[in-house]
Amino acid sequence: MATEGHAPTASEYVIHHLTHLNNTGHAQENIIDWSVINLDSMFYSIVIGALTVFLLWLAARKATSGVPGRFQGIVEILVDMVADQAKGIVHSAESRRFVAPLALTVFVWIFLMNAMDLLPVDLLPRIWEGMYAAGGGDPAHAYMRVVATADLSATLGMSTGVLLLCLYYNIKIKGVGGWVHELFTAPFGSHPLLYPINFAMQIIEFVAKTVSHGMRLFGNMYAGELIFILIALLGSTATVFGFLGHVIAGSIWAIFHILIITLQAFIFMMLTLVYVGQAHESH
Amino acid sequence: MNLNATLIAQLVVFFILAWFTMKFVWPPIVKALDERANKIADGLAAADKAKADLALAEKKVVEELRKARESAGDVRTSAEKQASQLIDEARAEASRIIAAAREAAEHEAGAATQRAKEALRDQVAHLAVAGAEKILRREIDAKVHAKLLANLKQELQ
């Protein structure tokens, strides 16, 4: 812990940046603790989510079939892209009425949450530290992580949402009986001896889909954030090498990260559609 | 890297945002896109139709022009025919008039010649009688010699 007058060590700096602001005021101790909630992730994801739907709503409110402006144009491009993908993957017009808007929201929302990574890594945490200290708190305890998608709970929350959607559509499309039948007879076939194996495979498939879905996004964003932290650490050495290294590495990584944040948002959206699409197909 | 209640909260936010988009964002934009697609399709169809109409109109114009040219040719032919007929008629009329005039003139000239001959014959008879009077130096009874004179007159013809 940094004390008054002492700059934090490198390890303290990194740990400080990787600790969530939660309702307990200190770092979470257990791996899973349902009594803890990360206030920073919730704050940024809700604010950015509200911004997402506000921007989309703004475009939708003025949408005309005449000549579109630039803003309407870009939103239309997104809508068209998502609608095309949804049409190719989810073969049910009724399901698409909910799934396609969901995919659009997910794409824009995750893209914007990922894009928080491109802000200087110390900007918002330092402002928060100032506010926290002004309120009489110890700035060493003013934790703040601005990238909500670098929070495993947040990404697994979203992938669990997709899992629930898959279960819902499985039951809706195939009926409870049909789905249970499929759980025990796919993928290996209908034979009493194969039932337990089939069922185990199905459970593994659902768990693996959901975990990998959330983990993929989390892993990419967490690693990206960590590299930004390490680059900032390089700059904090306050030497010519450190300064140049920070500028060059920071620029390169930020430019590369533009690709990653877009790609990860796109992948999350596509997998959402794919998993929901799979729920519509009977084996 | 810990799991906590953020997961549940994020899940709820996820569905609320998706619901909002489904309710208020997606329908108007998709409607606008569909409407624009229809508009463009209509516009293209109208352009195609206009092009077809133009081609048709051009064809009609060519046809009308051909017809007009044909009827103009007909009119000219009949006019020429009529004109030549008129000329022929006029020419025939003229030659008829000329022939009649010539005939009348010949007739007149013949009559005049006859009259002149008559007059001359009378005068010759008188001259002959007067000459004979002078020769005989005496009065000849005209009534006695009338037959003689008539014979003489006959011979002079």
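Everything numeric in this text was worked out from a predicted model, so none of it was measured. Every chain is numbered independently, its residues counted from 1 as its sequence is written. Numbering of ligands from 1 and lettering of chains from A proceed in the order in which they are written. Reporting of local features is limited, given that this is a predicted model, to residues whose pLDDT is at least 70; pairs of side-chain atoms are given and counted only at 80 or more, and all residues count toward the totals for whole chains, interfaces and linings.

## Regarding the overall build of chain B
Heads up, the condition is: Secondary structure elements are defined from DSSP: runs of H or I of at least 4 residues count as helices, runs of E of at least 2 residues count as strands, and each element is numbered from the N terminus. As a reference, a globule follows 2.2 Å times the number of residues to the power 0.38, and the radius of gyration itself is taken over C-alpha atoms. For the exposure call, what matters is how many other C-beta atoms sit within 10 Å of a residue's own: 20 or more marks it buried, 12 or fewer exposed, and in between partly exposed, using C-beta atoms placed from the backbone.
Scanning chain B for helices and strands turns up 2 helices and 1 strand. When the elements of chain B are put in sequence order from the N terminus, they spell out β-α-α. For 157 residues, the compact-globule formula gives about 15 Å, and the C-alpha radius of gyration of chain B, at 61 Å, lies well above that figure. Seen through its principal axes, chain B has C-alpha atoms that stretch 195 × 20 × 20 Å. When each of the 157 residues of chain B is scored for burial, the buried share is 10%.

## A short note on the overall build of chain A
Note the following rule: Remark: residues whose backbone-derived C-beta atoms lie within 7 Å of one another are considered to be in contact.
Helix and strand counts for chain A come out as 8 helices and 1 strand. Beginning at the N terminus, the succession of helices and strands in chain A can be written as α-β-α-α-α-α-α-α-α. The dimensions of chain A, computed from C-alpha atoms along their principal axes, are 70 × 60 × 35 Å. When contacts within chain A are restricted to residue pairs at least 6 apart in sequence, those whose partners lie at least 24 apart make up 67%.

## What about the UniProt feature "transmembrane region" (unreviewed entry) in chain B?
To keep things clear, this is the line we draw: UniProt positions are given in the numbering used here, feature names are shortened, and annotations may be inferred rather than shown by experiment.
Per the UniProt record, "transmembrane region" (unreviewed entry) is annotated on residues 6-26 of chain B. The annotated region residues 6-26 of chain B carries 100% helix and 0% strand content, and the separation between its end C-alpha atoms amounts to 28 Å.

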